Structures are given as C-alpha cells and as structure tokens.
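# Chain and residue survey
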Amino acid sequence: MKIITGTIEELDALVAQEFVKVVNKKPNAVLGLATGTTPIGVYANLSKMCKEHKVFFTGVKTYNLDEYKGIDPENDQSYRYFMNKYLFSGIDVKIENTHVLSGKIASDAEAEKYDEEIANAGGIDIQILGIGSNGHIAFNEPGTKFDSKTHIVALTESTIKDNSRLFKSIDEVPTHAITMGLATIMKAKKIVLVAYGKNKALAIKKLIEDEPSESLPCSILKKHPDCTIYVDEDAYSLMK
Ligand code: PGA
C-alpha cells in the first residue's frame, strides 16, 4: 500500500489524474465510484478535464459502491442523485452505462447479482474509496467478513451519526444500506483511497500500523497489489 500526502487541492488533482490515465489508456474502462463529501473535489477535477477535452467518458461504465436502503433514486439524499449532481451531469458518460445499486433490493441474493454484473462488464479497472471514522469502506462496517460480496447491512451508530450532518435530523438517516462487499472491492484492479480531515486520523493510523483484521474493514486493502492512499495533513496528523 502506497501513501501520498498533500493538500486537499493537490490530492484531488492527483486522484483525478489516476482516473484520467486509466480512461485514456482504456476508453471502455470500468470505473468504481464513491459518494460522500470526500470525492466531490475529484469529481470536479474530472468534470473540468472532460470540458477541456483532456478525457472522454463516452465508452466507460461506472459502478457505485453503495446506496441507502429504501430510498428512491429521485430522493435528493440518494446516492444516484448525488452522482448525477456531482459527476454524471458534468461529464460525457452515457447515463445508461452508470450503475448505482437500487435501494429497493430486498435480499442479499439479489444484491449479489451486482457482483456478477461487474464481472460481466470485465471487472473494475479503478476504484475510488472514502473511509469512515470507524474504518469502514463503502458501508462495510467493523466486523464485516473479508470474503463478503454485495449485501444488505445495518449501519452502525457511528456511521449514522457521521452521516446525520447531511440530513435535517439524525432520525432521518436510513438505518440500512446495500453495499459492495469487501471481496467485491478487492477485485478492482487498482484502488485509490482518499481521506481528508481529523475525523479520519485514527482510522488512517490504524490502517497504516495494524495488521489486517475484520475489526477494521479498510485494513483488507493492505492485501491489495495496487492500492494507494491519499491523505491530507489532518488525516495524517496522528502519524507525525
Ligand atoms: P465522507 O464519507 O466522504 O462523507 O467523509 C466517507 C465514508 O464514510 O466512507
């Protein structure tokens, strides 16, 4: 696992460059995408570069990590809505080639079909990840099996609290979600994890220093052959 530190602006640009490199080399690349506050700057860079004709997304397919359970795609809290707003509306991707898990999936078996779809598309060439303050990646909370496929999860109190900043009240935060599993994520050929802010510092310290363990879901990334973590000064502050 490689570690790159810098300012948020520098890291947003570097991570966007990694995506551009992959797409310019393979115009029909499969991109693994994430929601949350963290990737917004990366997506802004990608939109800008697309407008400047430095990259074209017309041939790519995208698969998002997760979605809240029970939320409609039109709901402004849905991850489909987020992706349309922060990325898909700003680039030339074909909307029918963008995939966000449906909040209506009712069983793990149904959810697992997403893994087959990704495999049939050729597998993810580059996957962006954020990280939760509890070390989750996507909605794989502490204790998630390393061999998990896409599945339905109950969100932990810590995640509900972290995400409540984006809702009118904590009671409105969905309690369940559908998420790519850890084994699904590990199949991506290249992984970039981005962590900004003091709230992520402890998770980053544990990720760097501890042995892989299911109690820290992100630690599985240490077993990946091509994973780089992009960490700003605040998220790296406990390493100094
Ligand atoms: P954030 O979420 O980007 O909003 O901090 C990251 C995550 O919980 O994975």
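Our subject in this report is the structure included herewith. Just so it is clear, the model here is predicted, and its values are computed rather than measured. (Residues numbered from 1 in each chain as written. Predicted model: local features only at pLDDT ≥ 70, side-chain atom pairs only at ≥ 80, totals over all residues. Heavy atoms only, no water.)

## Thoughts on unusual backbone geometry
- One non-glycine residue with positive phi stands out, namely His 53, at about 60 degrees.
- Its place among the elements puts His 53 in the loop between α2 (40–51) and β3 (61–64).
- Phi angles above zero are rare outside glycine, and Ala 138 is one such case at about 50 degrees.
- Tracing the chain through its elements places Ala 138 in the loop between β6 (126–129) and β7 (151–154).
- Exposure remark for Ala 138: the relative accessible area of 8% places this residue in the buried category. (Helix = DSSP H or I, 4+ residues; strand = E, 2+ residues; numbered from the N terminus. Buried < 20%, exposed > 50% of the residue type's maximum accessible area, 1.4 Å probe, protein only.)

## A short note on the pairing of strand β8 (residues 176–179)
- The pairing of strand β4 (residues 66–68) with β8 spans three bridges and is antiparallel. In the sheet register, Asp 66 faces β8, and the bridge partner there is Thr 179.
- Judged from the four bridges that link them, β7 and β8 form a sheet pairing that is antiparallel. Note on β8: the bridge partner recorded for His 151 is Thr 179. (Pairing = 2+ DSSP bridges.)

## A look at the nonpolar core
- Ranked by internal contacts, the top residues of the largest apolar core, which has 77 residues, are Tyr 43, Phe 57, Ile 128 and Leu 221.
- Among the elements that make up this core, the one with the highest residue count is helix α1 (residues 8–25) (seven residues).
- Among residues more than four places away in sequence, those in contact with Phe 57 are Val 23, Leu 31, Leu 46, Cys 50, Ile 91, Asp 92 and Val 93. (Core = buried A, V, L, I, M, F, W, Y, C linked by side-chain atoms within 4.5 Å. Contact = heavy atoms within 4.5 Å.)

## Observations regarding the site of the ligand
- Close contacts around the ligand come from Gly 36, Thr 37, Thr 38, Gly 130, Ile 131, Gly 132, His 136, Arg 165 and Lys 200, and that covers them all.
- In this structure, an oxygen atom belonging to the ligand sits 2.7 Å away from a side-chain N or O atom of His 136.
- Arg 165 places a polar side-chain atom, nitrogen or oxygen, 2.9 Å from an oxygen atom of the ligand.
- The fraction of the free accessible surface of the ligand (280 Å²) that becomes covered by protein chains is 83%.
- In this structure, the ligand is accommodated by the largest pocket.
- When the residues that make up the shell around the ligand are grouped by side-chain class, the tally is one nonpolar, six polar and two charged. (Near = heavy atom within 4 Å. Polar contact = N/O pair within 3.5 Å; in protein donor to acceptor, adjacent residues only side chain to side chain. Areas by Shrake-Rupley, 256 points an atom, 1.4 Å probe, with all protein chains shown as cover. 1 Å grid on protein atoms, 1.4 Å probe; cavity = no way out; pocket = protein on both sides within 12 Å on 5 of 7 lines; lining within 4 Å. Sits in = over half its atoms within 2 Å of the grid points. Nonpolar A, V, L, I, M, F, W, Y, C, P; charged D, E, K, R; others polar.)

## Section: α2
- Here α2 is 12 residues long and its end C-alpha atoms lie 17 Å apart, about the 16 Å a rise of 1.5 Å per residue gives.
- Gly 41, Val 42, Tyr 43, Leu 46, Ser 47, Met 49 and Cys 50 are the residues of α2 that are buried.
- Structurally, α2 contributes buried residues whose contacts are with α1, β2 (30–33), α3 (79–86) and β6.
- Residue His 53 follows α2 closely and has a positive phi angle near 60 degrees. (Expected span 1.5 Å × (residues − 1).)

## A word on the sheet that holds strand β10 (residues 227–232)
- If you trace the seven strands from one edge of the open sheet to the other, you get β1-β10-β9-β6-β2-β3-β5, paired in parallel fashion. Sheet topology places β1 (2–6) and β5 (98–99) at the edges, where each strand pairs with a single neighbour.
- The sheet strands contacting helix α7 (residues 201–209) are β1, β9 (191–195) and β10, and the helix crosses β10 at an angle near 145 degrees. (Axes fitted to C-alpha atoms, helices over the stretch in contact; angles between N-to-C directions.)

## A word on the sheet that holds β8
- One open sheet accounts for three strands, arranged β4-β8-β7; its pairing is antiparallel. Lying at the two open borders of the sheet, with one neighbouring strand each, are β4 and β7. Put simply, the sheet's adjacent strands are angled 25 degrees from each other on average, direction ignored.

## Some remarks on the pattern of salt bridges
- As enumerated under the stated definition, the model contains 11 salt bridges in all.
- A salt bridge links Lys 104 to Asp 72; its shortest N-O distance comes to 2.4 Å. One end of the pair, Lys 104, is in the loop between β5 and α4 (108–120); the other, Asp 72, is in the loop between β4 and α3, and 32 residues separate them in sequence.
- With a shortest N-O distance of 3.3 Å, Lys 189 and Asp 125 are connected by a salt bridge. In this pair, Lys 189 sits in the loop between α6 (182–186) and β9 while Asp 125 sits in the loop between α4 and β6, placing the two residues 64 residues apart along the sequence.
- According to the relative accessible area criterion, Lys 189 is partly exposed, its value standing at 41%.
- With a relative accessible area of 9%, Asp 125 lands in the buried category. (Salt bridge = Lys/Arg side-chain N within 4 Å of Asp/Glu carboxyl O.)

It is worth stressing that arrangement in space is one thing and function is another; only the former is reported here.
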